[in-house]
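What follows is the residue order along each chain.
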Amino acid sequence: MGKISRRDFLKTVGGAGLVASTIPSSFLIDLYALTPTRKLSQVEAWFYKKLPDKEIKCELCPRYCQLGDRERGYCGARENRNGIYYTLVYGKVCAAHIDPIEKKPFFHFLPGTTAFSIATAGCNVNCKFCQNWQISQVRPEQVENFDLPPRDVVRYCLKYRCPTIAYTYTEPVIFYEYMYDTSVKASKKGIRNVVVTGAHINPEPMKKLTEVVDAIKIDLKAFSEEFYKEYVRGELKPVLDAIKIVKESGKWLEIVYLVIPTLNDSPEEIRKMSKWIIKEVGPDVPVHFSRFHPMYLIKNLPPTPVSTLERARNIALEEGINYVYIGNVPGHKGESTYCPSCKNVVIKRFAYQILKNNLRKGKCKFCGQPIPGIWS
Amino acid sequence: MGKSKVVMIKGKGALINNRINTKVISLMFKKGLSLLFDCNDFRDALNQLFSPSDRIGIKINTIAGRKLSTNPEISLTLANLLTRIGVRSGNIIIWDRTNDELRRAGYRLNFSGGGIKVFGTDTRRINYEFDLTIHKNIGSRFSRIQSRLVNKSISLAILKDHGIAGLTGVMKNYFGAIHNPNKYHDSNCNPYIAELYETYLIKNKNKLSILDGMIVQYHRGPSYHAQWAKKCELFIMSTDPVAADYIGWQFIEKLRKERGLPPLEEEKRMPYYIITAEKMGLGKANLNEIQLIEYEV
Ligand code: SF4
């Protein structure tokens, strides 16, 4: 069997130890009770144009795939059938999990709560360092999928008392319609929606998405077009535009930067990015510098030295970003939130666990400094 | 290294009223092979490429439905010729990505019965390798048909225009042997098609390259559009995949010119990957180094 199974999936993205301990066993029972489906969805896609001769042009992401009949886009999740463009992954989930919100990571969004996390197969870029390539760099029929229509996502969320749904693991842009509809349904029940994305998306769909979700975490994979071209197979500019759109929308935004030794870790690049963040979205957007582990097509580089992450964090702090974190280094002091005013620890973390929360109504309990975020 | 030989073999009456005449097809294959290897009998030609103990994959192209896919009569005729040199019919697999596509193109699947096998990579128990094969810009999981079930292969591709790559030919046909072809369509599929062909699982196994030009889609491919499709009743055959694709490309350009269409280069989709493949040493892509034999049966 070449397909990734549920068991593999849980091992791959569910992680072990701390994470596994947060999953209610009844959830696993529910998950295993679902029957895999071989049928893909045939739901008309949004954001595409019909062209002569049954061709179409997808305008969801900056690739603008132009396709003839029976062809699929770069993401592998959309197909032209007789001149109509369809999403093949609407409600066809290849990963479902209950994760700590800190795992996304969101550090300023309902800390210590869980997120019902879902993904469908496919991605509109091809990062050579992808951590979930077994489900992102495949076509939907190459993994085991389960029917989970929006109403069932909401039902599970309520059943397992998850205050949030996270669209994550692969690239939610490619399951846009499903994410959007689920968000609308969930919001009506008081459930929050967060998106974990590389934000390789066009402005119009991005704006529309911000109308229905509560927070977006954007993976800024480097601060150079060359890197995006070579290692992401995408473009930087649309990602920067998307970051600005989220900020303008007023929805909560966090940025993650995976630091890869020798490829995107130069102090100059980190400084340039920090300056851009300050200028365009302000000093209060949390920035996470995450540790890289050799994976997928980049196996010849070592994991990021902790000193490199610390250097990046120091540069960002020097430039004036208030909340700068170090990710994937459990126990590091850079995992915690510090009050920019009195410098006390406001939220003390260990990996995905909250050890201490010194926030009182969104303010530092020591000095009263407001700490931006969604806290309740 | 000498010139690469390419045979363009035409068969009048090979396709009448959308029906394949297997007698003509058989004749075309036999004569084409004999010309390719300078011998009187096609069996002598096949014996230079295959032995009776081989397990041979015939990678066909069925993405575009019944009107523009490898016709079952064509691939089965070729498979039958292979049995004439002693290859066991059960050791020949006619295959593509999915069983659905094969069915839509008119194939009757045969996974475990006797005789020539016909099935897709998505057959249960087949599928793609779990591990990636990494080579230059390629990182893909291969169909287990190509990686495990066969030790030699034939690319039997449909000759057609392609909206991004410029040309679908024998090299691009192997996009159907990997799990993620959609990831290799940037910059006119260049250098991806050439680099994929260069992987050991393809380069070392592909022994014969055939472009099926019964109907040639010279514009708006890879899907079928009657107004830009021409009945040509030909095969382009070579042991050099680059040379076969090069001749196929020139043929498409010729048909486009006849219809007043601009060259592919003007439409920014020249199949530059063919030139790249030549630079990589995978074959020849210029007429000075190709011996083209045209023949009509
Ligand atoms: S979303 Fe998919 S089909 Fe649409 S432009 Fe992007 S990669 Fe292409």
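Residues numbered from 1 in each chain as written. Chains lettered and ligands numbered in written order. Predicted model: local features only at pLDDT ≥ 70, side-chain atom pairs only at ≥ 80, totals over all residues. Heavy atoms only, no water.

Caption draft 1: The arrangement of the sheet that holds strand S9 (residues 95-100) of chain A in detail. All names here are of chain A. Spatially, the 8 strands line up as an open sheet ordered S9-S10-S12-S13-S14-S15-S16-S17, and their pairing is mixed. A single partner strand is all that each edge strand has here, and the edge strands are S9 and strand S17 (324-327). Neighbour-to-neighbour, the strand axes of this sheet turn through a mean angle of 20 degrees, independent of strand direction. Sheet topology places strand S14 (residues 215-219) next to strand S15 (residues 252-259); 5 bridges connect them, and they run parallel. Counted as the bridge partner of Ile218 is Ile255 from S15. Contacting S14 and S15, helix H8 (residues 237-249) runs over the sheet at an angle of about 160 degrees to S14. (Pairing = 2+ DSSP bridges. Helix = DSSP H or I, 4+ residues; strand = E, 2+ residues; numbered from the N terminus. Axes fitted to C-alpha atoms, helices over the stretch in contact; angles between N-to-C directions. Contact = heavy atoms within 4.5 Å.)

Caption draft 2: Region of interest: the sheet that holds strand S20 (residues 353-357) of chain A. All names here are of chain A. Taken in spatial order, the 3 strands make up an open sheet running S18-S19-S20, and their pairing is antiparallel. Since the sheet does not close on itself, it has two edges, and those belong to strand S18 (337-338) and S20, each with one partner. Bridge analysis of strand S19 (residues 345-350) against S20 gives 4 bridges, and the strand direction is antiparallel. Within the sheet, the bridge partner assigned to Ile347 lies in S20 and is Asn357.

Caption draft 3: A look at the pairing of strand S10 (residues 114-119) of chain A. Residues and elements named next belong to chain A. By the criterion of burial, S10 is predominantly enclosed, with 5 of the 6 residues buried. As paired elements, S9 and S10 share 6 bridges and run antiparallel to each other. Note on S10: the bridge partner recorded for Ile98 is Phe116. With 4 bridges joining them, S10 and strand S12 (residues 164-167) adopt parallel strand pairing. Each residue of the ladder has a partner; that of Ser117, found in S12, is Ala166. (Buried < 20%, exposed > 50% of the residue type's maximum accessible area, 1.4 Å probe, protein only.)

Caption draft 4: Representation of a positive patch on the surface within the structure. Residues Lys348, Lys356, Arg360 and Lys365 of chain A make up a contiguous surface patch of positive charge. With respect to the helices and strands, the residue Lys356 of chain A is situated in strand S20. (Patch = residues over 30% accessible without salt bridge, like charges linked within 9 Å, V, L, I, M, F, W, Y side chains within 5 Å. Areas by Shrake-Rupley, 256 points an atom, 1.4 Å probe, with all protein chains shown as cover. Salt bridge = Lys/Arg side-chain N within 4 Å of Asp/Glu carboxyl O. Lys, Arg positive; Asp, Glu negative; His and termini not counted. Charge placed at Lys NZ, Arg CZ, Asp CG, Glu CD.)

Caption draft 5: How the structure looks around the domain arrangement of chain A. Residue and element names in this part refer to chain A. Per the domain assignment, the segments of chain A are domain 1 (6-35 + 91-335) and domain 2 (37-87). Here the C-alpha centroids of domain 1 and domain 2 sit 25 Å apart. Among the residues of domain 1 in contact with domain 2, Lys92, Glu177 and Asn202 are the three that bury the most area, contributing 29% of the side total. Taken together, the connections running from domain 1 to domain 2 amount to 2 salt bridges. When the shortest N-O distance is used, the salt bridge between Arg78 and Glu177 registers 2.7 Å. Here domain 1 and domain 2 share 13 residue pairs in polar contact (both at pLDDT 80 or more) between them. With 4 residues, helix H5 (residues 176-188) is the largest single contributor of residues to the side of domain 1 that touches domain 2. Its residues assigned to classes, the side of domain 1 that touches domain 2 comprises 13 nonpolar, 8 polar and 10 charged. (Domains from an automatic or database assignment. Buried area = accessible area lost by both parts, 1.4 Å probe. Polar contact = N/O pair within 3.5 Å; in protein donor to acceptor, adjacent residues only side chain to side chain. Nonpolar A, V, L, I, M, F, W, Y, C, P; charged D, E, K, R; others polar.)

Caption draft 6: Just the pairing of strand S7 (residues 84-87) of chain A, in detail. Residues and elements named next belong to chain A. Bridge analysis of strand S2 (residues 43-44) against S7 gives 2 bridges, and the strand direction is antiparallel. Looking at S7, one finds that Glu44 is bridged to Tyr86. The sheet contact formed by strand S6 (residues 78-81) and S7 spans 4 bridges and is antiparallel. By the bridge assignment for S7, Asn80 is matched with Tyr85. Following S6, the chain reverses through 2 residues before pairing antiparallel with S7; Asn82 in that reversal takes a positive phi of roughly 60 degrees.

Caption draft 7: Geometry of helix H2 (residues 42-49) of chain B. All names here are of chain B. Turning to H2, its buried residues number three or more, namely Phe42, Ala45, Leu46 and Leu49. Axial view of H2: buried residues confined to an arc of 95 degrees, hence all on one face. For H2, the elements touching its buried residues are helix H1 (22-37), helix H3 (72-83), strand S9 (152-162) and strand S11 (206-217). Between a side-chain oxygen at the N-terminus of H2 and the backbone nitrogen of Arg43 the separation is 2.7 Å; the capping residue is Asp41. (Arc of directions from axis to C-beta.)

Caption draft 8: Representation of the nonpolar core within the structure. Counting 92 residues, the largest nonpolar core has Ile118, Leu220, Ile243 and Phe289 of chain A as its most contacted members. At 6 residues, H8 of chain A tops the list of elements feeding residues into this core. Looking at which domains feed residues into this core, each of domain 1 (6-35 + 91-335) and domain 2 (37-87) of chain A gives three or more. Discounting residues that sit within four places of it in the chain, Leu220 of chain A has contacts with Tyr228, Leu236, Val239, Leu240, Ile243, Ile255, Val256, Tyr257, Leu258 and Met273 of chain A. Within the second largest apolar cluster, 55 residues are counted, among which are Cys189, Ala243, Ile274 and Ile275 of chain B. (Core = buried A, V, L, I, M, F, W, Y, C linked by side-chain atoms within 4.5 Å.)

Caption draft 9: How the structure looks around the site of the ligand. Surrounding the ligand, one finds Cys58, Leu60, Cys61, Arg63, Tyr64, Cys65, Gly73, Tyr74, Cys75, Arg78, Tyr85 and Asn124 of chain A. Within the shell around the ligand, the residues separate by chemical class into 8 nonpolar, 2 polar and 2 charged. (Near = heavy atom within 4 Å.)

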